[in-house]
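Remarks on the overall topology
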Amino acid sequence: MKMEKQSNLREQLTRAKDLSELMIDMAYGGLYSNSKELAEEVLELSEDLDEMINDMRIRCVMSARSPQDARDIATVLHLLSSMDLVSKGAEGIARIVEHKLELPPSFVNELSNAFEILNKVVVKEEYFLSGKKLEEVSLPKDFGVRVIAIRRIGKWLCHVDGETVLLEDDVVLFAGSREHIDELRVALELPEIVIAQFEHEQDGVQKAVRLLIDMKDASELSVGLAYSSFLFNDKNLAAVVDSIDEKMSRKRERVETWVLDSAFESQSPLHLRGLLHLAEASETICEACADMVSIVLEDEIIHPVIAQAMEDTNEVMVKVEVKDGAEAVGSFIDEHHSSFVAMTHIRNGKYLYDLSKPRKIEVGDVVIARGPIEAREAFEYWLNAGHEDEED
């Protein structure tokens with residue numbers, strides 16, 4: 001799969017950021033659907049990203065004409081190294097499917113309850129989506145799902161917006177909760193996703209599986225928060241990413257302990273291998289994100305092209321203060337029926353990033369979230385009732 005050359009460093013950084021996030025979504029989606037096709041797509045995208053990162057490194061080195069130029073461009077080189085490590089983590093997840101490493105039957109069942117799952121749909125002529133702009137079909141508002149990428153004639157389109165027209169035979173990747181994905185499939189008259197039933201498994205395996213779902217959500221959250229810390233130049237967001245990484249190491253150790261203990265009692269210990277590989281890959285993603293935000297934490301002068309690139313990405317990232325009179329006050333963050341995903345919730349200066357714990361929204365809270373640009377206005381209005389937001 002060959003990519004079109006981006007004309008400048010800013011465009012390349014934007015594309016690299018979008019690709020790294022797409023790879024993670026596709027890698028976990030491949031596990032969920034046991035799709036070798038998705039796994040192979042991840043590996044191809046990894047090669048594309050490697051090529052792009054090398055090209056950007058050459059551009060950076062060639063642009064330095066003085067010691068000051070070199071210092072200015074150093075943060076970009078650091079970011080590129082971290083992006084490369086993120087892609088290696090996604091690659092590690094994809095290889096679980098490619099190498100046919102077995103996973104416990106309960107894993108897919110638990111994965112269906114994760115914060116967000118991926119689903120692939122091939123557009124047919126009779127679908128209400130066919131020939132329509134994304135803003136016309138209003139997927140975020142009506143179904144609570146977001147389009148993360150479209151494959152058209154062998155090429156992945158990551159930068160999609162309301163003006164993007166869905167064509168017959170497009171392969172569309174949707175992300176959303178299991179409930180919202182099911183609603184869309186019903187509207188398209190597609191069969192529901194069937195989750196295989198499984199017999200009761202050992203206690204250690206069940207614990208490992210539940211913790212791995214938590215690690216999956218944490219790794220995806222880390223990537224979003226890391227990129228947001230550059231956009232908003234926010235040391236507190238960077239500190240949250242660092243904290244998640246510290247906890248991931250302990251979680252991986254617990255998974256390893258439970259899996260190894262269970263292997264002695266299991267009649268088929270081979271299906272536990274995939275769990276160990278997944279724990280390692282998820283931790284690698286979080287380590288990459290912690291390395292990325294060290295630039296922000298250490299108060300290094302960040303090259304302006306980085307923040308500019310973050311603004312141009314496939315999804316918009318918003319930071320909204322909740323205002324008096326907003327419909328969101330007294331609600332839970334996931335009650336807004338849109339495809340915006342909250343990444344962290346700030347209350348009284350404290351960053352609350354474990355969104356699995358239900359918290360009702362209060363006036364003065366600040367929500368940092370990501371989602372498609374066409375859903376931005378409705379999501380922000382839900383939080384601030386149209387008042388000008390003071391947050392940047």
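As shown above, the structure is provided for reference.
All of the points below concern the structure found in this document. (Residues numbered from 1 in each chain as written. Predicted model: local features only at pLDDT ≥ 70, side-chain atom pairs only at ≥ 80, totals over all residues. Heavy atoms only, no water.)

Next up on the list: the overall build of the protein. Tallying secondary structure elements over the protein gives twelve helices and eight strands in all. The C-alpha atoms of the protein give 21 Å as radius of gyration, which agrees with the globular expectation for 392 residues (21 Å, within 12%). If you line up the protein on its principal axes, its C-alpha atoms span 65 × 50 × 45 Å. A buried classification covers 54% of the 392 residues belonging to the protein. Long-range contacts, defined here as pairs at least 24 residues apart, represent 82% of the contacts in the protein between residues at least 6 apart. A gap of 2 Å separates the mean positions of the 43 positive and 77 negative side-chain charges of the protein. (Helix = DSSP H or I, 4+ residues; strand = E, 2+ residues; numbered from the N terminus. Rg over C-alpha atoms; globule rule 2.2 N^0.38 Å. Buried < 20%, exposed > 50% of the residue type's maximum accessible area, 1.4 Å probe, protein only. Contact = heavy atoms within 4.5 Å. Lys, Arg positive; Asp, Glu negative; His and termini not counted. Charge placed at Lys NZ, Arg CZ, Asp CG, Glu CD.)

Counting buried residues along strand E8 (residues 366-371), six of its six residues qualify, which places the element largely inside the surrounding structure. Here E8 shows a buried face lined by Val-366, Ile-368 and Arg-370 and a second buried face lined by Val-367, Ala-369 and Gly-371. With six bridges joining them, strand E5 (residues 316-321) and E8 adopt antiparallel strand pairing. Within E8, the residue paired with Val-320 across the bridge is Val-367. Of the pairings in the sheet, the one linking strand E6 (residues 341-347) to E8 comprises five bridges and is antiparallel in character. (Pairing = 2+ DSSP bridges.)

All quantities given are derived from atomic positions and should not be read as evidence of function.
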